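# Descriptive analysis of the structure
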Amino acid sequence: MGQFSDSWAALRAAVAALEPQDFEQPSGCAGWLVRDLVCHLIIDAQDVLITLATPTDAEPTRNALTYWDVSDTRPTGEDPLDALIVRLAAAYQDPGLLMFHLDDVGSAAGRAADLADPNLRVATQGQVLTVGDYLDAYVLEWTLHHIDLVAHVPAASGPPAAGLARSRAMICDITGIRFAASFSDADVLRVSTGRRAPTDSEKSAIGKAAERLPFVLG
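In this section: the packing of helix 5 (residues 131-150) against helix 7 (residues 185-192). The axes of two packed helices give the description: the angle between them and the distance between them. Taken N-terminus to C-terminus, the directions of helix 5 and helix 7 make an angle of 90°; their axes are 11 Å apart at the nearest point. Classified by the angle their axes make, helix 5 and helix 7 are roughly perpendicular. Contact residues: helix 5 offers L140, T143, L144 and I147, while helix 7 offers A186, L189 and R190. Considering only residue class, the contact of helix 5 with helix 7 consists of five nonpolar, one polar and one charged.

Set out below in structure tokens:
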């Protein structure tokens, strides 16, 4: 629960510190500018609020790891929701409006998470999780998107070390690959999810499992 709050607060703070021109830079999400990514974060915050307000008595069907659907199909930007986010982001025009909306909805999502009972069961996307597992899964979401945010904005602050470490552990558990200690936490996340290709030396360190890369989380 605490790592969710810390990761989310750090991500929102990084967005709040951006300069207007930074929103036109590419993000680490293929085909998305930083403004598109920030718009996606607003949608994510809304999803968190909706999920935390959707309790259920049903038995959990997923946990923090199985929450993620894993494929090897990279997004092309042609998915209707992906295309919609690009249009929504462009409609804001003024980056200040994007920042205001994220701060408004994002702060509410953060407060709702802090107040939630971790043992409460909630429904989302046709699945049931405990609040604790749902928020734990989102540590990975926030951390990956924080890496995306700063990919081409070097002056921006990166994700917290604790969130990076937790996300690395989750990726290793999800994929079954144990990356060598020579890999930084951020590089494990970038390489395993296809945000960059592994170097030859990294492929050698990963071994045969490198043939399975990347893992696309959805």
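The discussion continues.
Attention shifts here to unusual backbone geometry. For the bond running from L213 to P214, omega is 0°, close enough to zero to count as cis. For P214, the location among the structural elements is in the loop between helix 8 (200-206) and strand 4 (216-217). The backbone of Q93 shows a phi angle near 60°, a positive value even though the residue is not glycine. With respect to the helices and strands, the residue Q93 is situated in the loop between helix 3 (80-92) and helix 4 (95-115). With a phi angle near 50°, Q125 is a residue other than glycine that sits in the positive phi range.

Along the polypeptide, T130 turns up in strand 3 (residues 127-130). A distance of 3.1 Å separates a polar side-chain atom of T130 from the backbone nitrogen of D133. For T130, the contacting residues outside a window of four places in its chain are P60, P118, N119, L120 and R121.

Under the 1.5 Å per step criterion, the end-to-end length of helix 5 is 29 Å for 20 residues, consistent within 8% with the ideal 28 Å. Judged by how many residues are buried, helix 5 sits mostly within the fold: 17 of 20 residues are covered.

A complete count under the given rule lists twelve salt bridges for this structure. Linking R35 and E24 is a salt bridge whose minimum nitrogen-to-oxygen distance equals 3.5 Å. Taken as a pair, R35 in helix 2 (residues 34-52) and E24 in the loop between helix 1 (2-16) and helix 2 lie far apart in primary sequence, eleven residues in all. The exposure class assigned to R35 is partly exposed, which follows from its relative accessible area of 23%. Of the charged contacts in the structure, one is a salt bridge between E202 and R196, with a shortest N-O distance of 2.7 Å. Given a relative accessible area of 26%, R196 falls into the partly exposed group. In this structure, a network of salt bridges that share partners links the residues D187, R190, R196 and E202.

A few words on empty space enclosed by the protein. A full pass over the atoms with the stated rule returns one cavity of 30 Å³ or more. The volume enclosed by the largest cavity comes to roughly 50 Å³. Taken together, F23, E24, R35, A89, Y92, Q93, D94, P95 and L98 make up the full set of residues lining the largest cavity. Of all the elements in the fold, those that place two or more residues in the lining of the largest cavity are helix 3 and helix 4. Considering only residue class, the lining of the largest cavity consists of five nonpolar, one polar and three charged.

Below, the discussion takes up the side chain of T143. Take T143: it is sitting in helix 5. T143 sits in the buried class, given a relative accessible area of 1%. When neighbours within four sequence positions are excluded, T143 is seen to be in contact with S7, P159, G163, L164, S167 and L189.

On inspection of all chains with the given rule, the structure shows zero disulfides. A disulfide-free cysteine, C29 has its sulfur positioned 12 Å from the sulfur of C39, the nearest such atom. Judged by its relative accessible area of 13%, C29 is buried.

Moving on, we get to the packing of aromatic side chains. Two numbers describe a pair of aromatic rings. These are the distance of the centres and the angle of the planes. Enumeration according to the criterion identifies eight aromatic pairs in this entry. With 6.4 Å between their ring centres and 50° between their planes, Y67 and Y138 make a pair best called tilted. On the criterion of sequence distance, the pair formed by Y67 in the loop between helix 2 and strand 1 (70-71) and Y138 in helix 5 is long-range, its members being 71 residues apart. Just as Y67 is buried, Y138 falls in that class too. When the centroid spacing of 5.4 Å and the interplanar angle of 70° are considered together, the rings of F179 and F183 count as edge-to-face. The pair F179 / F183 is uniform in exposure class, with both members buried. Three or more aromatic residues link up through ring pairs in this structure, and these residues are F4, W8, Y67, W68, Y134, Y138 and W142.

Rules used in this analysis
Residues numbered from 1 in each chain as written. Predicted model: local features only at pLDDT ≥ 70, side-chain atom pairs only at ≥ 80, totals over all residues. Heavy atoms only, no water. Axes fitted to C-alpha atoms, helices over the stretch in contact; angles between N-to-C directions. Helix = DSSP H or I, 4+ residues; strand = E, 2+ residues; numbered from the N terminus. Parallel < 35°, antiparallel > 145°, perpendicular 65-115°, else oblique. Contact = heavy atoms within 4.5 Å. Nonpolar A, V, L, I, M, F, W, Y, C, P; charged D, E, K, R; others polar. Polar contact = N/O pair within 3.5 Å; in protein donor to acceptor, adjacent residues only side chain to side chain. Expected span 1.5 Å × (residues − 1). Buried < 20%, exposed > 50% of the residue type's maximum accessible area, 1.4 Å probe, protein only. Salt bridge = Lys/Arg side-chain N within 4 Å of Asp/Glu carboxyl O. 1 Å grid on protein atoms, 1.4 Å probe; cavity = no way out; pocket = protein on both sides within 12 Å on 5 of 7 lines; lining within 4 Å. Points joined across faces, edges and corners; volume = space filled by probe spheres on them. Disulfide = S-S within 2.5 Å. Phe/Tyr/Trp six-rings, centres within 6.5 Å; stacked < 30°, edge-to-face > 60°.

Shape descriptors only; they carry no functional weight alone.
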